[in-house]
Amino acid sequence: MTGTVTVLGGGVMGLCVATELTRRGIPAAVRDTLPGPNACSWWAGGMLAPWCEGETADPAVTRHGLGAADWWQDQGVPVTRNGTLVVSLSRDGGALTRFARRSQGHRMLDAPGVAALEPDLGTRFSRALFFESESHLDPRQALAILSGRLPRSEAASGQVIDCRGLSARDALRDLRGVRGEMVVIRCPDLSLSRPVRLLHPRMPLYVVPRGGGVFMLGATMVESDGRGPPTARAVLELLSAAFALHPAFAEAEVLELGADARPAFPDNLPRIRRVGGTLYANGLYRHGFLLAPAVARMVADHLQHQTRPEFMDADHD
Amino acid sequence: MPVFYGTTIDSALMLGTAGYPSPKILTDAFARSGAGIATVSLRREAGGGQDFWALIQSLEVRLLPNTAGCHSARDAVTTAHMAREVFDTDWIKLEVIGHADTLQPDVFELVEAARILSAEGFSVFPYCTEDLVVCERLLDAGCHVLMPWGAPIGSGLGLNNPHGLRALRAAFPDVPLVVDAGIGLPSHAAAAMEMGYDAVLLNSAVARAGDPAAMAAAMADAVRAGRAAYLADPMERTDMAVPSTPVIGRAFL
């Protein structure tokens, strides 16, 4: 195709689509404000963990998430490739065994193995699952890098690609919100080199190191499109789980509390949908940074070659 | 088939709606389970869960909203009022949590909330322990269903006190009884039905299975088998072997 493209929405979906089109020689402008707290990707963890997510997610999430780290690195976004560590508390040992059974791409470490990878966790955990090929990035840095290179547009002209997330519910009636709450803390006493996931039947937690002693704790999953501030209960649970992971978190400074609603379709998989002249890309659920590159590629393939990508479910006038 | 407050339900399986990998999988699990009643929580989603509730309503099963997460009679009564507004039903699964670690019901607050809500015209389904006296008090308070736990919520431990559950069945032959919570396997569900329970209510056993829809189907089979076995009047257990063919005179001819 030729001509210009206008992308509505400057969250991770919109920025990835505009970037992918631009690198293929199709000029694309973004119509939105600069990345900020209005986009739910602002609050993301930034884990590129296709194997861990595969424990509960559809196999398509793993399959399409595997290329995410390379895509981000190709765009000049720093990606830390140190893997993911998954642990459980000793009273809940069965959880780790189940997680291992239901996922791939890992190996089981014993206590010295854990201590060798993350000295600050020491021998607190007698075993852990190590997903060596996984990685993570800083979501706000990634959004800023992509956004800084893309032209902005005041009006929608040419082909319109709608990536407005939950705001597109006016057109995508089967889209719903899944609320997530997160906490950012500074804890210079503790050093972690990779995201750590704590399995817990009631309050599962992940901790993503952001560097400089800063950690992101996330994230709740509530079937609600409420975007109001985090509840005391959510913060209490996240911080309690972090304290269970390591008591040093009790001394951390709380820098930020955040909440937003992720856009999701009923199967929690993304959709590309053409209705009339508009192409929609949406429904990244909790897999924004993991799946946006693959969905962006599918959108670009569709525009360039009229292919019908895997996540496309409607193509009509 | 169980009859709750005058309504006959065409399945003895009641299924919760929390913790599934996706709404699509939840829908599949309900279809495979044939469950006649869906429980739904109101509290955590308060103020934004309309999309999820709409999805639950589209399951085309009878809805039983619950007061999960309430810790006092007052909380539970308020939540029941909200549930009646949102789901347009007088049915309420009354849950008043008394202990943070075991999620054991606070039976004192429970009886109080049951009395208030029954007087207000609610059809109350109390989540209780298998304590006979507590159950009597709940019936006095106006409940016409009892839902004793099998084991702590989400534990999957099965029926921790089979004797107590059997005693409850014997004590209240005419009250619909449901084992609620603790079921992890189809064998647990079948065991409850074999005791003559009218239904079982479970959630995590299906939602947290690797293949929730397949586990839902297995639970449906177990509940049917358990009920059929109860109606077939099982043989008595004996400590001595009883051969099914005579032993004396085996080499008679």
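An unreviewed UniProt entry annotates chain B as Thiazole synthase of Paracoccus subflavus. Under the Catalytic activity (unreviewed entry) heading, UniProt states for chain B: "[ThiS sulfur-carrier protein]-C-terminal-Gly-aminoethanethioate + 2-iminoacetate + 1-deoxy-D-xylulose 5-phosphate = [ThiS sulfur-carrier protein]-C-terminal Gly-Gly + 2-[(2R,5Z)-2-carboxy-4-methylthiazol-5(2H)-ylidene]ethyl phosphate + 2 H2O + H(+)". Under the Pathway (unreviewed entry) heading, UniProt states for chain B: "Cofactor biosynthesis; thiamine diphosphate biosynthesis."

As named in an unreviewed UniProt entry, chain A is FAD-dependent oxidoreductase, taken from Paracoccus subflavus.

(A) Layout of the overall build of chain B. Tallying secondary structure elements over chain B gives nine helices and 10 strands in all. Relative to the globule expectation of 18 Å for 253 residues, the C-alpha radius of gyration of chain B, 19 Å, shows essentially globular dimensions. Considered along the principal axes of its C-alpha atoms, chain B spans approximately 80 × 40 × 35 Å. Evaluated residue by residue, chain B yields a buried proportion of 50% over its 253 residues. Contacts spanning at least 24 positions in sequence make up 65% of the contacts within chain B whose residues lie at least 6 apart.

(B) Structural view of unusual backbone geometry. Residue and element names in this part refer to chain A. That bond from G218 to A219 is cis: its omega, -25°, falls within 30 degrees of zero. Positive phi, normally seen in glycine, also occurs at Y285, with a value near 55°. Y285 gets classed as buried once you look at its relative accessible area, which sits at 12%. Here the phi dihedral of Q306 falls at roughly 55°; this positive angle occurs in a residue that is not glycine. Turning to its location among the elements, Q306 is positioned in the loop between α9 (288-305) and β16 (312-316).

(C) Structural context of the interface of chain B and chain A. Each partner contributes to the interface: chain B provides 16 residues, whereas chain A provides 22 residues. Of the roughly 1,500 Å² buried between chain B and chain A on both sides combined, carbon and sulfur atoms contribute 44%. Remark: the boundary between chain B and chain A carries one salt bridge. The partner of D51 of chain B in a salt bridge is R169 of chain A, and the shortest N-O contact between them spans 2.5 Å. Here chain B and chain A share four residue pairs in polar contact (both at pLDDT 80 or more) between them. Within the side of chain B that touches chain A, the residues separate by chemical class into six nonpolar, four polar and six charged.

(D) Main features of the environment of A244 of chain A. Residue and element names in this part refer to chain A. Following the sequence through the fold, A244 ends up in helix α8 (residues 232-245). A relative accessible area of 26% means that A244 is categorised as partly exposed. Contact partners of A244, with chain neighbours within four places excluded, come to L89, R124 and L198.

(E) Up close: the UniProt feature "binding site: 1-deoxy-D-xylulose 5-phosphate" (unreviewed entry) in chain B. Residue and element names in this part refer to chain B. Look at the UniProt record and you will see "binding site: 1-deoxy-D-xylulose 5-phosphate" (unreviewed entry) annotated at G154, A181, G182, N203 and S204. Across 51 residues, the annotated set stays spatially compact, with a maximum C-alpha separation of 9.2 Å. Inspection of the secondary structure assignment puts A181 in the loop between β9 (178-180) and α7 (186-194). If we ignore the near neighbours within four places in the chain, the residues touching A181 are Y127, W149, G150, A151, I153 and L201. When you line up the elements, N203 lands in the loop between β10 (199-202) and α8 (204-207). Those residues in contact with N203 that sit more than four places away from it in its chain are G16, T17, A18 and Y20.

(F) Region of the structure containing the sheet that holds strand β10 (residues 196-199) of chain A. All names here are of chain A. Reading across the sheet, the eight strands line up as β5-β6-β4-β10-β11-β12-β9-β13 and stay open at both edges, with mixed pairing between neighbours. At either end of the open sheet lies a strand with only one pairing partner, and these are β5 (107-110) and β13 (253-264). Each neighbouring strand pair of the sheet contributes to a mean axis angle of 25°, computed without reference to strand direction. Sheet topology places β10 next to strand β11 (residues 205-211); three bridges connect them, and they run antiparallel. The residue bridging L198 from the neighbouring strand is L205, located in β11.

(G) Representation of the pairing of strand β8 (residues 159-162) of chain A in the model. All names here are of chain A. Pairing geometry for strand β1 (residues 5-8) and β8, over four bridges, is parallel. Within the sheet, the bridge partner assigned to V5 lies in β8 and is Q159. Both β8 and strand β15 (residues 278-282) contribute to a ladder of three bridges, which runs parallel. The residue bridging I161 from the neighbouring strand is L279, located in β15.

(H) The arrangement of the packing of aromatic side chains in detail. Tallied over the entire structure, the rule returns eight aromatic pairs over all chains. With 5.6 Å between their ring centres and 90° between their planes, F215 of chain A and F249 of chain A make a pair best called edge-to-face. Of this pair, F215 of chain A sits in strand β12 (residues 214-218) while F249 of chain A sits in the loop between α8 and β13; the two residues are 34 residues apart in sequence, bridging distant segments of the chain. The pair formed by F215 of chain A and F249 of chain A is uniform in burial state, with each residue classed as buried. Aromatic pair W91 of chain B and F125 of chain B: ring centres 4.9 Å apart, planes at 45°, arrangement tilted. Pair noted here: W91 of chain B is in strand β6 (residues 91-94) and F125 of chain B is in strand β7 (residues 123-128), with a separation of 34 residues, a long-range link. We classify W91 of chain B as buried; its relative accessible area is 3%. The structure contains a cluster of three or more aromatic residues connected by ring pairs, namely F4, Y5, W91 and F125 of chain B.

Criteria and cut-off values
Residues numbered from 1 in each chain as written. Chains lettered and ligands numbered in written order. Predicted model: local features only at pLDDT ≥ 70, side-chain atom pairs only at ≥ 80, totals over all residues. Heavy atoms only, no water. UniProt positions renumbered as here; feature names shortened; annotations may be inferred. Helix = DSSP H or I, 4+ residues; strand = E, 2+ residues; numbered from the N terminus. Rg over C-alpha atoms; globule rule 2.2 N^0.38 Å. Buried < 20%, exposed > 50% of the residue type's maximum accessible area, 1.4 Å probe, protein only. Contact = heavy atoms within 4.5 Å. Buried area = accessible area lost by both parts, 1.4 Å probe. Salt bridge = Lys/Arg side-chain N within 4 Å of Asp/Glu carboxyl O. Polar contact = N/O pair within 3.5 Å; in protein donor to acceptor, adjacent residues only side chain to side chain. Nonpolar A, V, L, I, M, F, W, Y, C, P; charged D, E, K, R; others polar. Pairing = 2+ DSSP bridges. Axes fitted to C-alpha atoms, helices over the stretch in contact; angles between N-to-C directions. Phe/Tyr/Trp six-rings, centres within 6.5 Å; stacked < 30°, edge-to-face > 60°.

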